[in-house]
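Geometric and topological summary
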Amino acid sequence: DVKVTQSSRYLVKRTGEKVFLECVQDMDHENMFWYRQDPGLGLRLIYFSYDVKMKEKGDIPEGYSVSREKKERFSLILESASTNQTSMYLCASSLGTQYFGPGTRLTVL
Amino acid sequence: AQRVTQPEKLLSVFKGAPVELKCNYSYSGSPELFWYVQYSRQRLQLLLRHISRESIKGFTADLNKGETSFHLKKPFAQEEDSAMYYCALAPGSARQLTFGSGTQLTVLP
């Protein structure tokens, strides 16, 4: 069974802080993704990666960066958190079908 | 660029009634279409994909290329079907998904 885990379920940060969201998958998947989920907007792709040290911008990359140093781990970084980045963040991994993590609810005050 | 439209944010039906969740897409090539579901307090999971043509939990969806639609249907809704449903599109051989804004289905007793 595919397991995608995210480091925190809930996170509260202050404006201007640097924030790290971690995602780990245990199925040796090449592809990993970060989305944000907002009511009325669905899921929007922030960044994705199809191999170690590779990254591609999604639809809304502004204000975010990512890191993929190991195949199983894909990190999302908010360099300077802002209130409009308050959201649910979902990580996914895939070979074909995407499998999702439980999500991190981030609140930026 | 591709786009997925789910025109209903909220949909309520009574138990035992038929249900149809609408999904329309715009993409010039041959996309792969998916339905994902998120039950309360659970992670997002794949419900079905058009290439498999299988029925999951009584749900079916047919890709209509003429109408560019991929509506999700179930003849007799159950209370446990209450959830958020997302339609998603993968363009050609691309790995990333474009999601619709989601439809919250409530099945009333």
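Above this text you will find the structure in question.
Residue and element names in this part refer to chain A. Counting across every chain of the model gives 10 salt bridges over all chains. Among the salt bridges present, the one from Lys53 reaches Glu69, with a minimum N-O distance of 2.5 Å. Taken together, the residues span a long stretch of sequence, with Lys53 in the loop between strand E5 (42-49) and strand E6 (56-57) and Glu69 in strand E7 (residues 65-70) at a distance of 16 residues. Through salt bridges that share partners, Arg36, Asp38 and Arg44 make up one connected network.

Residue and element names in this part refer to chain B. Within strand E9 (residues 83-91), 9 of the 9 residues are buried, which leaves the element mostly enclosed by the surrounding structure. Every second residue of E9 is oriented toward a common face, with Ala83, Tyr85, Cys87, Leu89 and Pro91 on one face and Met84, Tyr86, Ala88 and Ala90 on the other, all of them buried. Here strand E5 (residues 31-38) pairs with E9 via 8 bridges, running antiparallel. Along E9, the bridge assignment pairs Val37 with Tyr85. Pairing geometry for E9 and strand E11 (residues 103-108), over 3 bridges, is antiparallel. Pairing of Ala83 across the sheet is with Leu105, part of E11. Pairing of E9 with strand E10 (residues 98-99), which is carried by 2 bridges, proceeds in the antiparallel orientation.

Here is what the cut-offs are and how they apply
Residues numbered from 1 in each chain as written. Chains lettered and ligands numbered in written order. Predicted model: local features only at pLDDT ≥ 70, side-chain atom pairs only at ≥ 80, totals over all residues. Heavy atoms only, no water. Salt bridge = Lys/Arg side-chain N within 4 Å of Asp/Glu carboxyl O. Helix = DSSP H or I, 4+ residues; strand = E, 2+ residues; numbered from the N terminus. Buried < 20%, exposed > 50% of the residue type's maximum accessible area, 1.4 Å probe, protein only. Pairing = 2+ DSSP bridges.

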